[in-house]
Amino acid sequence: MSDLRFLEASARERAMALVDKGSFTELIGPQAKRTSPHLPVLGEAVEFDDGVVTGIGLLGQHPAIVISQEGRFIGGSVGEVGGAKMVGALMLAEQLAAQTHSPARRPIVLISFETGGVRLHEANAGLLAHAECMDMLQTLRGRVPVVALIGSKIGCFGGMGFVAAATDIIVMSESGRLGLTGPEVIEQEMGRSEFDASDRALVFRTTGGKHKYIVGDCNYLIADSLDAFHQQAAVIADLPWAEIENQRRIGSEAKVRAQMALTQQISEMAPADARDVWAAAGNVEPQSLVDMDLESFLSNVKRLSVEEA
């Protein structure tokens, strides 16, 4: 296995490393030259994989369907071709589930998000792809675990933030970022006095892995390495369904009520900074969490409880 940082790895490197060594087979790879039909019209360059790598491999005995987004191509944005590849991979997972009756061989879907959301060049097609992904996640619910993996440079924002939130389990590194609206867009719409997108410390305190772990938007916070993400995916693949369902953030009226209560709780705090939320969770010296190493952080941090909210 590789000790390469997940943050620095390309979409294809991530896809290959998430499954057992030598087991990955890419689907609709660059040799197929399925490029966006819209970008050349706008004078934009294309990529032969449209910035999305899909494939199948193994995690132990579990077939693993992998979707991996490439932030180096138009910010990992989702258009017609890339979106169709994502939906097709989810459909393949559904077909495998129909053919599998043993929990030990149950398929799993791993989505490595690195995206700002919809590709504005192909807005309608990109929006449709988001909707189709959401629809497939509902189809797979209770049949195939879908795991969001977030630790790449772009993070996961925009419409894909909604898609990530609808998965069964979210795994992040401290370097990962997750949100429904990107920092630059918040600054543009609300003003720099409200949110300074150039303040990297502020951005990571607000959207980064540590904060998302504290508020319950992230189920597992792990080291920033390909090995760590592979090992965590293997653990999740073997989890019983009851434990997976228990970790979901949405999916039932009770869970929605709990999330709304938590949102209300945070809103009533009127926090000026994420550290105010950390303090409300019971962290006496919230600033100390910022530079704390992962092991110390996981051993000492207190999290907001969705169930108790």
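About the thresholds
Residues numbered from 1 in each chain as written. Predicted model: local features only at pLDDT ≥ 70, side-chain atom pairs only at ≥ 80, totals over all residues. Heavy atoms only, no water. Helix = DSSP H or I, 4+ residues; strand = E, 2+ residues; numbered from the N terminus. Rg over C-alpha atoms; globule rule 2.2 N^0.38 Å. Buried < 20%, exposed > 50% of the residue type's maximum accessible area, 1.4 Å probe, protein only. Contact = heavy atoms within 4.5 Å. Polar contact = N/O pair within 3.5 Å; in protein donor to acceptor, adjacent residues only side chain to side chain. Pairing = 2+ DSSP bridges. Axes fitted to C-alpha atoms, helices over the stretch in contact; angles between N-to-C directions. Parallel < 35°, antiparallel > 145°, perpendicular 65-115°, else oblique. Nonpolar A, V, L, I, M, F, W, Y, C, P; charged D, E, K, R; others polar. Salt bridge = Lys/Arg side-chain N within 4 Å of Asp/Glu carboxyl O. Core = buried A, V, L, I, M, F, W, Y, C linked by side-chain atoms within 4.5 Å. Phe/Tyr/Trp six-rings, centres within 6.5 Å; stacked < 30°, edge-to-face > 60°. Lys NZ or Arg CZ within 6 Å of the ring centre and 35° of its normal.

*Asks:* How would you sum up the overall build of the protein chain? Please name residues and give values.
*Replies:* When its secondary structure is counted, the protein chain shows 12 helices and seven strands. Computed over its C-alpha atoms, the radius of gyration of the protein chain comes to 19 Å, within 12% of the 19 Å expected for a compact globule of 309 residues. Across its three principal axes, the protein chain shows a C-alpha extent of roughly 55 × 50 × 40 Å. A total of 309 residues make up the protein chain; the buried ones form 50% of that total. Taking the intrachain contacts of the protein chain between residues at least 6 apart in sequence as the baseline, contacts between residues at least 24 apart amount to 72%.

*Asks:* Could you give me a rundown of the side chain of Arg 14, with the residues and numbers involved?
*Replies:* Mapped onto the elements, Arg 14 comes out in helix H1 (residues 11–18). For Arg 14, a relative accessible area of 0% translates into the label buried. Side-chain polar atoms of Arg 14 contact the backbone oxygen of Ala 9, separated by 3.3 Å. Not counting the four nearest positions on each side in its chain, Arg 14 is found in contact with Phe 6, Ala 9, Ser 68, Gln 69, Glu 70, Ser 112, Glu 114, Ser 152 and Leu 226.

*Asks:* Lay out the environment of Ile 236 with the relevant residues and their values.
*Replies:* Here Ile 236 lies in helix H8 (residues 226–237). With relative accessibility at 1%, the residue Ile 236 sits in the buried group. Separated by 91 residues in the primary sequence, Ile 236 and Pro 145 place their C-alpha atoms 8.4 Å from one another. Beyond its immediate chain neighbours, meaning those up to four positions away, Ile 236 contacts Arg 106, Ile 108, Val 147, Ile 169, Val 171, Tyr 220 and Ile 244.

*Asks:* I'd like a rundown of the pairing of strand E3 (residues 62–69), residues and numbers included.
*Replies:* Counting buried positions over the eight residues of E3 gives eight, a clear majority of the element. Residue alternation in E3 divides its side chains into two sets, His 62, Ala 64, Val 66 and Ser 68 and Pro 63, Ile 65, Ile 67 and Gln 69, and both sets are buried. Where strand E2 (residues 52–59) lies against E3, eight bridges are found, and the strand directions are antiparallel. Residue pairing in the sheet places Val 52 in a bridge with Gln 69 of E3. Remark: two residues form the turn of the hairpin made by E2 and E3, two consecutive strands paired antiparallel; Gly 60 in that turn has positive phi of roughly 65 degrees. Sheet analysis places E3 next to strand E4 (residues 108–113), joined by five bridges and oriented parallel.

*Asks:* An account of the packing of helix H2 (residues 80–99) against helix H3 (residues 123–140) is needed here, citing residue identities and associated values.
*Replies:* Across the interface, H2 lies against H3 with an axial gap of 9 Å and an inter-helix angle of 10 degrees. Between H2 and H3, the crossing angle belongs to the class labelled roughly parallel. Seen from H2, the contacting residues are Glu 80, Gly 83, Met 86, Val 87, Leu 90, Met 91, Ala 93 and Glu 94; seen from H3, they are Ala 125, Ala 129, Glu 132, Cys 133, Met 136, Leu 137, Thr 139 and Leu 140. Here the residues of the contact of H2 with H3 sort into 11 nonpolar, two polar and three charged.

*Asks:* I'd like a rundown of the pattern of salt bridges, residues and numbers included.
*Replies:* Charged atoms that come close allow side chains of opposite charge to pair. Per the stated rule, a full pass over the model turns up 17 salt bridges. Between Glu 70 and Arg 72 there is a salt bridge, with the nearest N and O atoms lying 3.1 Å from each other. Where salt bridges share partners, they join Arg 5, Glu 8 and Asp 224 into one cluster.

*Asks:* Requested: an account of the sheet that holds E2, with residues and values cited.
*Replies:* Read across the open sheet, the seven strands follow the order E1-E2-E3-E4-E5-E6-E7; overall the sheet is mixed. Edge strands, defined here as strands with exactly one partner in the open sheet, are strand E1 (25–27) and strand E7 (220–222). Going across the sheet, the axis of each strand differs from the next one's by a mean of 25 degrees, ignoring polarity. Here H2 sits on the sheet and contacts E1, E2, E3 and E4; the angle it forms with E3, its principal contact strand, is near 170 degrees.

*Asks:* How would you summarise the nonpolar core if you had to cite specific residues and measurements?
*Replies:* Formed by 46 residues in total, the largest nonpolar core has its most connected members in Leu 90, Val 109, Phe 113, Ile 150 and Phe 297. One finds Leu 59, Ala 64, Ile 108 and Phe 229 within the second-largest nonpolar core, a separate group that totals 28 residues.

*Asks:* I'd like a rundown of the packing of aromatic side chains, residues and numbers included.
*Replies:* Taken as a whole and judged by the stated rule, the model has two aromatic pairs. Taken together, a centroid distance of 3.8 Å and an interplanar angle of 20 degrees make the contact between Phe 6 and Phe 229 stacked. In this pair, Phe 6 sits in the segment before H1 while Phe 229 sits in helix H8, placing the two residues 223 residues apart along the sequence. For Phe 229, a relative accessible area of 0% corresponds to the buried category. Geometrically, the ring pair formed by Tyr 213 and Phe 297 is tilted, given 6.2 Å between the ring centres and 55 degrees between the ring planes. Remark: Phe 297 occurs in helix H12 (residues 294–300) and Tyr 213 occurs in helix H7 (residues 209–214); sequence separation between them is 84 residues. Across the pair, exposure class does not vary: Tyr 213 and Phe 297 are buried alike. Lying over the aromatic face of Trp 241, Arg 106 brings its terminal NZ or CZ to 5.3 Å of the ring centre.

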